[in-house]
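Each chain is listed here by its residues.
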2 protein chains.
Amino acid sequence: MEPSQEYMYAHVSIDCAIFGFDGNELNILLIEKEGTAAQKLPGSLIYQMEDTDSAAGRVLCELTGIRKMSLRQFRCFSSPDRAMDPDDVAWLEKTYGRPVGRLITIAYLSLCRINRTLSAAARRKAAHWCPVSDLPAMPFDHNRIAEEALCEIRQWTESEPAMLFELLPVKFTMAELRALYEAIYLRRFDIRNFCKKIARIPYIVRLDEKQTDVAHRAAHYYKFDRIAYNQLRQSM
Amino acid sequence: MEPSQEYMYAHVSIDCAIFGFDGNELNILLIEKEGTAAQKLPGSLIYQMEDTDSAAGRVLCELTGIRKMSLRQFRCFSSPDRAMDPDDVAWLEKTYGRPVGRLITIAYLSLCRINRTLSAAARRKAAHWCPVSDLPAMPFDHNRIAEEALCEIRQWTESEPAMLFELLPVKFTMAELRALYEAIYLRRFDIRNFCKKIARIPYIVRLDEKQTDVAHRAAHYYKFDRIAYNQLRQSM
C-alpha cells in the first residue's frame, strides 16, 4: 500500500466556537494557548471512549467553567494542513506529551447572551470574550473555524430568526435590535431602511410603551410575538 | 494514565445518506455489505491525507458510480458502541485487512430526484434504492444515521422549503406535491387540509393550465414562484 493510500488514523479533538452578544458587539470566547501569549478557541483532544457530544460539554466546562450550555455540533475540520505549523505541532506534542500526528477536530457552536454568571465562571478559568471584529491570529485553523461558525450563525439568523430574540431583553428598542443585526453581520444598517424592513415583519410588534429616564428622545419598545412567528412559519 | 483517560486515536470513515424521490416514495441509496447478504449505507474508511469533504465525493463515486452530487456534511457519529457488534468488527477487519479498533464516521447527506442517469450509474455498481419506509436492519449505526438524516431532511423542509421544488417537475399538481410531503414525513396528509394549507403559501402559484389526457378529472398545475419566495424570506 502506497503511503498516500494508508487509512486515516487520527487523534480527534473538540473545538468550541461560543458566541456571546453583550448588547453591543458579538464576541467569541477564547482561552490562552497554554504556556504562550497566543489565544485560541477552547478545545482539547478527547478520550478514547468518549462520544464527541459529551466530550464537547466536558472540554468546555474544564477549560472555561461554563456548564450546561447548549452546544450544537456544526462541522468536522480535517484538512491535512490544519496541524502542520511547526510551532503548533511542537506545542501539541509538549502539551499532550506524545507525538500527535494526524489530527481532526469536531467543532461545536453556541450563541448566547453574555451575563454575569457566564462571565464570572469564565474569568476564573482565564477565558475571555473577544470581539469577532477584532480576532487575533490563532493557532491551527481556529480562525477558519471561527469564520465558518459566524457564517453558520448568519444562516441561523435567516432560517430560524426566533433565536435572535433570546439575545435581547423581552422589551427592546429598534436601536437594540439593529445593534444585534450589525453585530452579527459586521456591517452598518441604514437606520431608515432597517426600520422599514422591521415594520414589514409581522412577529415584531410595537408596544405602546416607551423608554423612560433617557436623555435622548424616548424610543418605542417592541416585543417578539411567538404566536405570529409560528403562524408565519406555517405559511412557509 | 488510566485506560479511560487515553486520548482517542481512531480510524475515520465517511458514510453517505443519499435520499432520492421517485415521484411516489422517498428512497435511500444502499450497497451490499461486501461478501454478505446485508445492506449498508455507502461508506468506507478514508485515507490518511484526505479531507473528509473530498473523501466523501470519492467514496460515493467509487461505491455507487455517482459523480458530482452535492453532499452536505451533517454529523459526526462517534459513540463507542457503534462498531462493537462482533460480526461488524470481524467484517471490518477482513475487509480492510487490519485491526480497526475505534472508528468514528462523518456522515454526509444529499437529497435528489431519482433520474435515469443516476439509476444507471448506481446499477452498474450494485447500489440500489430502498424505500425509507422499509429499511432493513443495517450494520454499525447505519439505521441511526439514516433516521437522523431523515430528521435533518425534515428540518430543511421547514427552514428551506425552496429545495422541495427541485424534486418536482416545473409544473406539478397538488397530488404530486402532497406525495412529496407524505414521502418525507412518512404519514398521510388529509387532502382537504393540505390544499387549504398550500393555498395560504404565496409562492406556490396555481396556473390556468390543467392536466390533459388523464382518465380522472384533470387537475390544475401549480408552479414554484421564486420571486415571491424570496420576498417572503425577506419578511422572516
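Residues numbered from 1 in each chain as written. Chains lettered and ligands numbered in written order. Predicted model: local features only at pLDDT ≥ 70, side-chain atom pairs only at ≥ 80, totals over all residues. Heavy atoms only, no water.

## Observations concerning the overall build of chain A
And step 1. Counting its secondary structure elements, chain A contains 7 helices and 9 strands.
And step 2. The principal-axis extent of the C-alpha atoms belonging to chain A is close to 70 × 40 × 30 Å.
And step 3. Per-residue burial over chain A gives 53% buried out of 236 residues.
And step 4. Put simply, of all contacts in chain A between residues at least 6 apart along the chain, 68% involve residues at least 24 apart.
And step 5. Approximately 12000 Å² of chain A is accessible, and the part contributed by carbon and sulfur atoms is 48%.
And step 6. The centroid of the 32 positive side-chain charges in chain A is displaced by 9 Å from the centroid of its 31 negative side-chain charges. (Helix = DSSP H or I, 4+ residues; strand = E, 2+ residues; numbered from the N terminus. Buried < 20%, exposed > 50% of the residue type's maximum accessible area, 1.4 Å probe, protein only. Contact = heavy atoms within 4.5 Å. Areas by Shrake-Rupley, 256 points an atom, 1.4 Å probe, with all protein chains shown as cover. Lys, Arg positive; Asp, Glu negative; His and termini not counted. Charge placed at Lys NZ, Arg CZ, Asp CG, Glu CD.)

## Focus: the nonpolar core
And step 1. Of all hydrophobic cores here, the largest spans 92 residues; its most connected members are F19(A) and F19(B).
And step 2. By size, the runner-up hydrophobic cluster in this structure holds 48 residues, among which are M8(B), A55(B), V59(B) and L60(B). (Core = buried A, V, L, I, M, F, W, Y, C linked by side-chain atoms within 4.5 Å.)

## Remarks on the side chain of Q73(A)
And step 1. Mapped onto the fold, Q73(A) is located in strand 5 (residues 72–77).
And step 2. Side-chain polar atoms of Q73(A) contact the side chain of D53(A), separated by 3.4 Å.
And step 3. At 3.2 Å, the side chain of Q73(A) and the side chain of Y108(A) are in polar contact.
And step 4. Aside from chain neighbours lying at most four places away, what touches Q73(A) is T52(A), D53(A), I106(A), A107(A), Y108(A), R75(B) and C76(B). (Polar contact = N/O pair within 3.5 Å; in protein donor to acceptor, adjacent residues only side chain to side chain.)

## Re the relation of the copies chain A and chain B
And step 1. Note on the identical chains: chain A maps onto chain B by a rotation of 180° and an axial translation of 0.0 Å, with an RMSD of 0.0 Å. What the rotation and shift describe, once combined, is the action of a two-fold rotation axis.
And step 2. The residues that chain A uses at the interface reappear at the interface of chain B in 100% of cases, marking a shared surface. (Least-squares fit on C-alpha atoms with pLDDT ≥ 70 in both.)

## What to know about the packing of aromatic side chains
Between two aromatic rings, the relevant description is the distance of the centres plus the angle of the planes.
And step 1. This model, assessed by the stated rule, comprises 31 aromatic pairs over all chains.
And step 2. On the basis of an interplanar angle of 85° and a centroid distance of 5.1 Å, the ring pair of Y7(A) and Y96(B) is categorised as edge-to-face. A residue pair is termed interchain when its members come from two chains, as with Y7(A) in the segment before strand 1 (9–21) and Y96(B) in helix 2 (residues 86–96). The two residues Y7(A) and Y96(B) agree in class, both being buried.
And step 3. Between Y181(B) and F189(B) the ring centres are 6.1 Å apart and the planes differ by 75°, which places this aromatic pair in the edge-to-face class.
And step 4. Taken together, F165(A), F172(A), Y203(A), F224(A) and Y229(A) form an aromatic cluster joined through their ring pairs.
And step 5. Here the basic side chain of R187(A) rests over the ring of F189(A), its NZ or CZ set 4.1 Å away from the ring centre. (Phe/Tyr/Trp six-rings, centres within 6.5 Å; stacked < 30°, edge-to-face > 60°. Lys NZ or Arg CZ within 6 Å of the ring centre and 35° of its normal.)

## Some thoughts on the UniProt feature "domain: NrtR DNA-binding winged helix" (unreviewed entry) in chain A
And step 1. In this numbering, the UniProt entry assigns the feature "domain: NrtR DNA-binding winged helix" (unreviewed entry) to residues 165–224 of chain A.
And step 2. The span residues 165–224 of chain A carries 35% helix and 20% strand; its end-to-end C-alpha distance comes to 7 Å. (UniProt positions renumbered as here; feature names shortened; annotations may be inferred.)

## So, the interface of chain A and chain B
And step 1. Each side of the interface is counted separately: chain A has 46 residues, and chain B has 46 residues.
And step 2. Here chain A and chain B share 2 salt bridges between them.
And step 3. One salt bridge in this structure joins R75(A) and D53(B), with 2.4 Å as the shortest N-O distance.
And step 4. For the side of chain A that touches chain B, the per-class residue count stands at 24 nonpolar, 11 polar and 11 charged.
And step 5. Where strand 1 of chain A lies against strand 1 (residues 9–21) of chain B, 3 bridges are found, and the strand directions are antiparallel. Bridge pairing in strand 1 of chain B places H11(A) opposite Y9(B). (Salt bridge = Lys/Arg side-chain N within 4 Å of Asp/Glu carboxyl O. Nonpolar A, V, L, I, M, F, W, Y, C, P; charged D, E, K, R; others polar. Pairing = 2+ DSSP bridges.)

## Focus: the sheet that holds strand 10 (residues 220–224) of chain B
All names here are of chain B.
And step 1. An order of 8-10-9 is seen for the 3 strands of this open sheet, with the pairing classed as antiparallel. Looking at the sheet topology across the chains shown, the edges are occupied by strand 8 (172–173) and strand 9 (204–210).
And step 2. By the bridge criterion, 4 bridges tie strand 9 to strand 10 in an arrangement that is antiparallel. Along strand 10, the bridge assignment pairs R206 with Y222.

## So, the layout of surface pockets
And step 1. What the largest pocket holds in volume is close to 1100 Å³.
And step 2. Taken together, 33 residues line the largest pocket, and the ones lying closest to its centre are R72(A), E152(A), W156(A), E160(A) and E152(B). (1 Å grid on protein atoms, 1.4 Å probe; cavity = no way out; pocket = protein on both sides within 12 Å on 5 of 7 lines; lining within 4 Å. Points joined across faces, edges and corners; volume = space filled by probe spheres on them.)

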